[in-house]
Each structure stands twice: as structure tokens, then as C-alpha cells.
Amino acid sequence: PGRPRVDVLCNMSGIFRDTFANVVSLLDDLFERAAAADEPEERNFIRKHARAMEAQGIERGTARLFSNPAGDYGSMVNERVGAGNWTSEDELGDTWVNRNSFSYGRGGERGEARPEVLNSLLATTDRVVQAIDSVEYGLTDIQEYYANTGALLSAARSAKAKSGADPSKVGCSIVETFGDDDPKELDETLRMEYRTRLLNPRWAEAMSEQGSGGAFEISQRFTAMVGWAGTAGFQDDFVYDQSFETYVADEAMREKLREANPEAFKNVVRRMLELHGRGFWDADDERIKELQELYTELDTEVEMMSAEITSSK
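All figures in this text were calculated on a predicted structure; none of them were measured in a lab.

S.K.: Got a minute to help me understand the packing of aromatic side chains in this structure?
M.R.: Two numbers describe a pair of aromatic rings. These are the distance of the centres and the angle of the planes. Under the criterion given, the structure shown has six aromatic pairs. Their ring planes at 70° and their centres at 6.5 Å tell us that Tyr-146 and Trp-228 sit as a pair that is edge-to-face. With Tyr-146 in helix α7 (residues 143-162) and Trp-228 in helix α10 (residues 211-232), the pair connects residues that are 82 residues apart, well separated along the chain. When its relative accessible area of 0% is taken as the criterion, Tyr-146 is described as buried. The class of Trp-228 is buried, set by a relative accessible area of 0%. Directly above the aromatic system of Tyr-73 lies the positively charged group of Arg-17, at a separation of 5.1 Å from the ring centroid.

Shown next as C-alpha cells:
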């Protein structure tokens, strides 16, 4: 008689959490009712997982709505990626967990720290689903997607491994609400976006014509490239090779970005070196030498510009 009740862990943005508190309460009530339903556990995974947590002495095993601490926003994963302050995928996943282990719901459930519930649910997660509701911004355009979806995927894989299960079995589906209804795999979506945007000659030329702002936008996508590699494990030498050819090896493009915004172009070079240094990009020695020399030049150039600005004040 139909499929079983599938358990769902909901990661809410701070804006949704604050704006739709009434909806959060209603959803919390639904999860509690589902967990209390008189149904066999093999037909009701919400009940199954809630009872398993109860047997372990974990309080409020029906909590499913998690976000940042009350009044706070963001996973801080993008800040760590931006600063290069991380050493492993698990570390970025742990950062996400620490920032999103706060439960919301009815009554006084307004940001209660429940890391035991969150980690228990992550260990039973089989698939992460992210909806894209804008034709203007995709997964590779802004930092928040890898900082939440990518880091959540990393956290689920880490929890799966700790439970003795195979972490590679945790998948990620992307649903474009404005397109067809068929979910796409994360890696497939990322490759498509890179080919149609960052590596698209028409897109690259149009962005470079926007001066300093366009160079900054290109730069941000290179930071996100590192973020997706560091959280979701996305690696693609074709994407990295073509990025190098489009924005570094092409002399006209390189000089245009360098002149428009040397700080942004320095970040492009830095992220390519970081991709190689962290083992994500298998670049040849010649390319790495060119990038290193260019980075040294840019570093000196940016420092001199900063010194000029300071002395003119």
C-alpha cells in the first residue's frame, strides 16, 4: 500500500527560519505526529529513527528542522574556504555541523543545540537534495551553495563512514524548479554550469568587459571551484585545464583582468595554485611554474598599489 514514510532532515536558511516561524512549527508538528504513528518501522523511517535515538537516551529524537544559532546566519564554511583555513573535507563538514546543529519547532524549540540528533540523522542520510529556483545564479556562481549543500554532503559522508557504512553511497540531487522536473546529479550539474558559464568564451568575454566588477565576479567563481572540490569532492581536470587556458594562458584576457582588478586576478591565480597544491588538479610543471611566477608578480603589484593608497591619505 504505497511507499514507506521517508525520513527527511531539513536544513533551513536563517531567512526562512526567521520569516516563516509559523510554518516551522507546523512542520515540526508533522514530524512528531509521523513519529508517533502506529506503523511498522519498516514502513515509517521517521518513527524508526526517532525510536532508535530514544533507546540511546537522545532527547527529542523527532527534531528534523535545523539551522544556525538563533539570530545568527551562515555556515562559516565559505569563510574558511576564502581564507584557505582548512585541511580536509571532513573539517569543512564538521564546521557545517557545528553551525547547523540547532533545532527549531514548536513551543520553546527555538535554536536548541541538538548535535546528537543531527549526527544521528546524518549517519542515515542517503541523498542530499538542493533546489535551484533562479535562472540568474547557479551552483558555481555564489559561495553559499558549496558552503551549505556541499558541506552538508561532506558531513553526511563523514557521519556515514563513522557508522561503518560506505560514504560513497551518499548522493546529491539538484532540482531546477524553473526547468524540467527530472533531478540531476551534482557532478553533472557542476560540469554543465562550468561549460556554459565560466568556460563559455562569450560569457568570459562579456564578464571581462565589465571592468573591475566583472573581474571580481570571475574571481569569485574560482573560489567556489575550490569550495566544491573541498566539500563535495568535485574534481575535473578538463574544467581546471580549460580555466587555465581561458583566463591565464590567453594573454589578452590575462592582461585585461590584471589591469581591471589586479587583486581579483591574483585570486584567480591563487585558487588555481591551491587546486593543484591540495591535489585536486593534476597540472603539469610548466603550468604551475607559470602560475607561481605570475602570482609573485601580482603579489608585488598589489602591495605597491596598497602602499600608494596608504601614502596618499
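S.K.: Sorry if this is basic, but what is going on with the sheet that holds strand β2 (residues 65-67) here?
M.R.: Across a sheet, strands are paired by hydrogen bonds formed along the backbone, either parallel or antiparallel in direction. As summarised here, the arrangement of the four strands in space is β1-β2-β3-β4, forming an open sheet in which the pairing is mixed. Both outer strands of the open sheet, β1 (10-11) and β4 (110-113), are each paired with one neighbouring strand and no more. Sheet topology places strand β3 (residues 102-104) next to β4; three bridges connect them, and they run antiparallel. Each residue of the ladder has a partner; that of Ser-103, found in β4, is Glu-112.

S.K.: Sorry, what's going on with the sheet that holds strand β6 (residues 171-176) here?
M.R.: The strand order across the open sheet built from three strands is β5-β6-β7, with neighbouring strands paired in mixed fashion. Strands at the two margins of the open sheet, each flanked by one partner only, are β5 (127-132) and β7 (184-185). Relative to β7, β6 is paired through two bridges, and the arrangement is antiparallel. Following the sheet pairing, Ser-173 is matched in β7 by Glu-185. Sitting on the sheet, α7 touches β5 and β6, and the angle it makes with β5 is about 160°.

S.K.: Explain the pairing of β5 here, please?
M.R.: Put simply, side chains in a regular strand alternate between the two faces of the sheet. Burial along β5 is one-sided: the residues Val-128, Gln-130 and Ile-132 are buried and none of Arg-127, Val-129 and Ala-131 is. Two elements, β5 and β6, share six bridges in a ladder whose sense is parallel. Along β6, the bridge assignment pairs Ala-131 with Val-175. On the question of chirality, the crossover connecting β5 to the parallel β6 by way of α7 is right-handed.

Rules used throughout
- Residues numbered from 1 in each chain as written.
- Predicted model: local features only at pLDDT ≥ 70, side-chain atom pairs only at ≥ 80, totals over all residues.
- Heavy atoms only, no water.
- Phe/Tyr/Trp six-rings, centres within 6.5 Å; stacked < 30°, edge-to-face > 60°.
- Helix = DSSP H or I, 4+ residues; strand = E, 2+ residues; numbered from the N terminus.
- Buried < 20%, exposed > 50% of the residue type's maximum accessible area, 1.4 Å probe, protein only.
- Lys NZ or Arg CZ within 6 Å of the ring centre and 35° of its normal.
- Pairing = 2+ DSSP bridges.
- Contact = heavy atoms within 4.5 Å.
- Axes fitted to C-alpha atoms, helices over the stretch in contact; angles between N-to-C directions.
- Right-handed = clockwise from strand over helix to strand, strands pointing away.

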